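If you want the building blocks of each chain, they are given just below.
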2 protein chains.
Amino acid sequence: MAAAEGRSGEPAEDARVARTRADVARAALEVLTTEGSDAVTHARVAELAGYSKTTLYAHWPGRLDLIAMAIETLGDMPHHELTGDLRADVIAELQVFRNAIDELRLDRILAGMAQWASVEQMAQIRNKVNTDGQHQMYEMLSDRFSGPALEAVVQMLTGVVACPALMYGRLASDDVITAAVDIVLDDGTGRGPQ
Amino acid sequence: MAAAEGRSGEPAEDARVARTRADVARAALEVLTTEGSDAVTHARVAELAGYSKTTLYAHWPGRLDLIAMAIETLGDMPHHELTGDLRADVIAELQVFRNAIDELRLDRILAGMAQWASVEQMAQIRNKVNTDGQHQMYEMLSDRFSGPALEAVVQMLTGVVACPALMYGRLASDDVITAAVDIVLDDGTGRGPQ
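Residues numbered from 1 in each chain as written. Chains lettered and ligands numbered in written order. Predicted model: local features only at pLDDT ≥ 70, side-chain atom pairs only at ≥ 80, totals over all residues. Heavy atoms only, no water.

Asks: Just give me the short version of the overall build of chain A, but keep the residues and values in it.
Replies: What chain A contains, in helices and strands, is ten helices and zero strands. Mapped in sequence order, the helices and strands of chain A form the string α-α-α-α-α-α-α-α-α-α. Looking at chain A residue by residue over its 194 residues, the buried ones come to 49%. Pairs at least 24 residues apart make up 63% of the contacts formed inside chain A by residues separated by at least 6 positions. (Helix = DSSP H or I, 4+ residues; strand = E, 2+ residues; numbered from the N terminus. Buried < 20%, exposed > 50% of the residue type's maximum accessible area, 1.4 Å probe, protein only. Contact = heavy atoms within 4.5 Å.)

Here it is, written out as C-alpha cells:
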C-alpha cells in the first residue's frame, strides 16, 4: 500500500508506466509474430494496445524501440530439462525448439532480428537471444565434440529445425529430427563416438 | 533497328519500360541487401533509382511488389560445378553458399523473404529461391541418403552456413564447414557410409 502510493505519488506513476510498457510490449510482440517486423509501426501497435500514438512516440521514439521491447518480452528461451541420456536429451531439446517456432513464432522473431541487425542495438539483442537459445546444445554436446566440430554440430542441429521453418515455413518432423541426431551422434550403429 | 522502333513506337516504349524495371529492380535489391527489407519503400527506391515516386507507384503499387522484383533480379542461385568427389563437392557447394551470403547478402534476402512469407506471393518466391538454392545438395546426397535422413542432412548442412549468419552475423569458417561435412559423411574414419 505504502509502496503503491508513496510520496508525491511517484511509485503510483511508476506502476502506471510499467503497465503501459507491459501493454505496449505485448501488443508489439503480437504484431511482430503475427504480421512480421514490417508491420510493427507506432500506429498499428497503438491501435492494438489501446494507447495513443503520441504516448508511444513519447516513450519509444523509433520503430526499432518497439521491436526491441517486443523481443525482450519473450524472456528466456524454453529448454528441455536434461535427463542425462544424450540422444534423448538432444532430440527433446530440438523438439522444444521446433514447438517454440510453432507456438511463439520464433521463426518470425529470428527473421526480424536478422533483418534489423545492421543496427547495433538489435545486433546485441539478437546475439543475446540466440546465445540463450543455443547454450544448452553447446553444453550437452561439449563432452562429445570440441572446436570446429562442436560449432558444426550445434549449428547443424539448429539448422535442421530452423532452416525448414525459415526457408519454407515448414516444421521439422520428429522423424527428421531423430535422423539428424542419429547421423550426428552416430548412434544405433554400435560404432560409438568418433 | 526495326525492332527498336517498330510501328507506333511500341517496342521502343517496351524497351523504356524494361529499362525502368531493370533500374528500379536493381535499386530495390541494393536497398534490400544493404539496409534490410524494412527500408524498401517507394521513396527510398525512387531516390536511389532516379525515378519519381509516382512512376514507382504506377508500376509497383505495393512495397511487396518492389521487394519481390528485387529478389527476382537475383536470378539463379550460384552453385559449385560438380567433380564427382562427394566430400569435396559438398564442401565446395557450402563454400559457394557461404560466399554468396557475404557477397550477395543472401542472409538479408532470406530473412526478408521469411518476414514477408505470410503473403502468398512472397511465400511462392521464397519457396522457389530456396528450392533452387538447395536442389544441388539434395541431388549430391541422394545416392547416400534417403527419406528423413536425406532431408536431415540437407537441412543440417544448410544450417551450418545459414545459422551463424542469420543468428550472429557470422560467416562459417572453412574448418567448421569441413567438420560438418566429415561428421555427416562419416569420412576419414575408414568406416564408410551407414
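Asks: Any chance you could break down the relation of the copies chain A and chain B for me, citing the residues and the numbers?
Replies: Each copy of the sequence occupies a distinct position, and chain A is placed on chain B by a rotation of 180 degrees and an axial shift of 0.0 Å, giving an RMSD of 0.0 Å. Both chain copies can therefore be described as sitting about a two-fold axis. Most of the interface of chain A is mirrored in chain B, where 100% of its interface residues are also at the interface. (Least-squares fit on C-alpha atoms with pLDDT ≥ 70 in both.)

Asks: Can you tell me about unusual backbone geometry, naming the residues and giving the values?
Replies: Residues and elements named next belong to chain A. Phi at Arg105 is positive, roughly 55 degrees, even though this residue is not glycine. Along the chain, Arg105 turns up in the loop between helix H6 (86-103) and helix H7 (106-115). Judged by relative accessible area, which is 28%, Arg105 ranks as partly exposed.

Asks: Please set out the interface of chain A and chain B residue by residue, giving values where relevant.
Replies: In many reports, interface size means the accessible area that the parts give up when they come together. Taken together, the contact pairs 50 residues of chain A with 50 residues of chain B. Considering only the side of chain A, the residues that lose the most area to chain B are A:Gln115, A:Met167 and A:Ile183, jointly responsible for 18% of the buried surface there. For the pair chain A and chain B, the number of links is four salt bridges. For the salt bridge of B:Arg63 with A:Asp38, the shortest nitrogen-to-oxygen distance reads 2.6 Å. Elements represented by at least two residues in the side of chain A that touches chain B include exactly H7, helix H8 (120-141), helix H9 (147-168) and helix H10 (174-185) of chain A. A total of 18 residues in the side of chain A that touches chain B trace back to one element, the largest contributor, which is H9(A). In terms of residue class, the side of chain A that touches chain B is built from 25 nonpolar, 15 polar and ten charged. (Buried area = accessible area lost by both parts, 1.4 Å probe. Salt bridge = Lys/Arg side-chain N within 4 Å of Asp/Glu carboxyl O. Nonpolar A, V, L, I, M, F, W, Y, C, P; charged D, E, K, R; others polar.)

Asks: Before we move on, could you go through the layout of surface pockets and cite the residues and values that matter?
Replies: Using a probe with the size of a water molecule, rolled over the atoms, empty space left in the structure can be pinpointed. Residue and element names in this part refer to chain A. Reported here for the largest pocket is a volume of approximately 150 Å³. In terms of lining residues, the largest pocket is bounded by Ile71, Glu72, Leu74, Gly75, Asp76, Met77, Ile125, Lys128, Val129 and Asp132. Elements with a contribution of two residues or more to the lining of the largest pocket: helix H5 (63-73) and H8. With four residues, H8 is the largest single contributor of residues to the lining of the largest pocket. Partitioned by chemical class, the residues of the lining of the largest pocket number five nonpolar, one polar and four charged. (1 Å grid on protein atoms, 1.4 Å probe; cavity = no way out; pocket = protein on both sides within 12 Å on 5 of 7 lines; lining within 4 Å. Points joined across faces, edges and corners; volume = space filled by probe spheres on them.)

Asks: Can you break down the state of the cysteines residue by residue, with the values?
Replies: Under the defined criterion, the tally for this structure stands at zero disulfides over all chains. With no disulfide of its own, B:Cys163 lies 4.7 Å from the sulfur of A:Cys163, the closest cysteine sulfur. By relative accessible area, which is 3% here, B:Cys163 ends up buried. (Disulfide = S-S within 2.5 Å.)

Asks: Give me the UniProt feature "domain: HTH tetR-type" (unreviewed entry) in chain A: which residues, what numbers.
Replies: In the numbering adopted here, UniProt assigns the feature "domain: HTH tetR-type" (unreviewed entry) to residues 18-78 of chain A. Between the C-alpha atoms that bound residues 18-78 of chain A there is a distance of 25 Å. The span itself is 72% helix and 0% strand. (UniProt positions renumbered as here; feature names shortened; annotations may be inferred.)

Asks: How would you summarise the domain arrangement of chain A if you had to cite specific residues and measurements?
Replies: Residues and elements named next belong to chain A. Assigned domains of chain A: these are domain 1 (2-73) and domain 2 (86-185). With centres defined by C-alpha atoms, the gap from domain 1 to domain 2 works out at 29 Å. Tallying the contact residues gives 14 residues for domain 1 and twelve residues for domain 2. Overall, the association of domain 1 and domain 2 removes approximately 1000 Å² of surface from exposure, summing both partners, and the carbon and sulfur fraction of that is 74%. (Domains from an automatic or database assignment.)

Asks: Summarise the packing of H6(A) against H9(A); cite the residues concerned and give the values.
Replies: Residues and elements named next belong to chain A. It is the contact of H6 with H9, at a shortest axis distance of 10 Å, that shows an interaxial angle of 25 degrees. Taken as axis vectors, H6 and H9 run roughly parallel relative to one another. As H6 packs across H9, the resulting crossing turns out to be right-handed. Within the contact between the two elements, H6 uses Val90, Leu94, Phe97, Arg98 and Ile101 and H9 uses Leu157, Thr158, Val160, Val161, Ala162 and Ala165. Partitioning the contact of H6 with H9 into residue classes produces nine nonpolar, one polar and one charged. (Axes fitted to C-alpha atoms, helices over the stretch in contact; angles between N-to-C directions. Parallel < 35°, antiparallel > 145°, perpendicular 65-115°, else oblique. Left-handed = near helix turned anticlockwise from the far one by under 90°.)

Asks: Hey, could you go over the environment of B:Ala49 for me, with residue numbers and the actual values?
Replies: Residues and elements named next belong to chain B. Relative to the helices and strands, Ala49 is located in helix H3 (residues 42-49). When the C-alpha positions of Ala49 and Gln134 are compared, they lie 32 Å apart, and in sequence the two are 85 residues distant. Excluding residues within four positions of it along the chain, Ala49 makes contact with Asp23, Val24 and Ala27.

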